[in-house]
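So the chains spell out like this:
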Amino acid sequence: MCGGFTCSKRALVALNILYILVAFLLIGVALYGRTCAQVVDLPIIGGILACGVFLILISILGLIGAVKHHQVVLFFYMVILFMLFLVQFSVACACLAVNKEQQRSWAKSGWDGVSEDFKKKVEETFSCCDFEKSLNTTSAPKNCPQPHMQPCIDKLQTTIDHAFKLCGGIGLFFSFTEFVGVWLTVRYRNQKDPRANPSAFL
């Protein structure tokens, strides 16, 4: 019977293995988003990265609790996983809700905070010049190798927007699996191990 103790145990173990894979996926997506952003220190993407690292640690705790059917470990696992669900859900929604003006503002702050050497590297990589140079000017600034080059924000905007949407979409989707994990843990904790001593205190 799938609703029994053994099935719940196997489902919880499998779910925690899935969480470990999801955590590596979240870390990879966050690192990709940070790399794509180049000049922007995106705190929201950093939140996705932190959730991924934390999810690995929680998954290990969940595996230990599921294998040993340890009530205390399962309780803390359940509480922490629910808190992680709330954080990841909020961060993912924030990623999806950020508009282009906010992205532009953060990118401007990041651009102003980096060194001139790094700016030149970004300009060479994206074949752009300055952050917000007007295309209507008759002459390019002194540091532009060619006149009428596009400003860097025009080249970075699509990449930054893609990074936000990717992080938000993946984070939102997998946050619901954490909610399933909380529900499954509650159910598993309340089940009696049929192989245990009936008089033993769980």
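Source: prediction; values computed, not measured.

Q: It is not clear to me how the overall build of the protein should be interpreted in this structure. Could you clarify?
A: A count of helices and strands for the protein gives six helices and zero strands. Going from the N terminus to the C terminus, the protein shows its helices and strands as α-α-α-α-α-α. About 10,900 Å² of surface is accessible on the protein, with carbon and sulfur atoms providing 66% of the total.

Q: So what exactly am I meant to see when it comes to the environment of Ile-27 here?
A: Here Ile-27 lies in helix H1 (residues 5-37). The class for Ile-27 is buried, based on a relative accessible area of 16%. With near-sequence residues (within four places) excluded, Ile-27 lies in contact with Leu-49, Gly-52, Val-53 and Ile-56.

Q: Sorry if this is basic, but what is going on with the confidence of the model for the protein here?
A: When pLDDT drops low, the exact placement of atoms in the prediction is not to be read closely. Mean pLDDT for the protein: 76, with 79% of residues reaching 70 or above. Averaged pLDDT values for the elements of the protein fall to 76 in helix H5 (residues 116-126) and rise to 87 in helix H3 (residues 71-97). Low pLDDT, under 50, characterises residues 135-140; the predicted model gives this stretch nine contacts beyond four residues in sequence or across chains.

Q: I tried to follow the packing of aromatic side chains on my own but got confused; where do I start?
A: Think of a pair of aromatic rings as described by two things: how far the centres are apart, and how the planes are tilted against each other in angle. Within this structure, the stated rule accounts for six aromatic pairs. Ring centres 5.5 Å apart and planes at 45° place the aromatic pair Phe-85 and Phe-179 in the tilted group. You can see Phe-85 sitting in helix H3 and its partner Phe-179 sitting in helix H6 (residues 152-189), a full 94 residues away along the chain. You can call Phe-179 partly exposed: its relative accessible area is 43%.

Q: What should I look at first to understand the pattern of salt bridges in this one?
A: Between side chains of opposite charge, pairing is possible as soon as their charged atoms come close. The full count for this structure, using the stated rule, is one salt bridge. A salt bridge links Lys-165 to Asp-161; its shortest N-O distance comes to 3.1 Å. Note that Lys-165 and Asp-161 are positioned in helix H6 at a spacing of four residues, about one turn of the helix. Overall, Lys-165 belongs to the partly exposed group, its relative accessible area being 34%.

The rules behind each value
Position numbers for residues start from 1 in each chain and track the written sequence from start to end. Two thresholds apply to this predicted model, a pLDDT of at least 70 for residue-level local features and 80 or more for giving and counting side-chain atom pairs, whereas whole-chain, interface and lining totals are computed over all residues. With hydrogens and water stripped out, all remaining heavy atoms of the structure feed into the side-chain values. Helix and strand definitions follow DSSP, with helices as H or I runs of at least four residues and strands as E runs of at least two, each counted in order from the N terminus. To measure how exposed things are, a 1.4 Å probe is used in the Shrake-Rupley method; for residues, cover is taken only from the protein chains shown. Each residue gets one of three labels from its accessible area relative to the maximum for its type: buried under 20%, exposed over 50%, partly exposed in between, using a 1.4 Å probe on protein chains only. The contact criterion used throughout is that any non-hydrogen atoms of two residues lie within 4.5 Å. What pLDDT conveys is the predictor's confidence in a given residue, as a value from 0 to 100. Only centres within 6.5 Å qualify two rings of Phe, Tyr or Trp (six-membered ring in Trp) as a pair; their planes then separate them into stacked at under 30 degrees, edge-to-face at over 60, and tilted for everything else. The salt bridge criterion pairs a side-chain nitrogen of Lys or Arg with a carboxyl oxygen of Asp or Glu, the two atoms within 4 Å.

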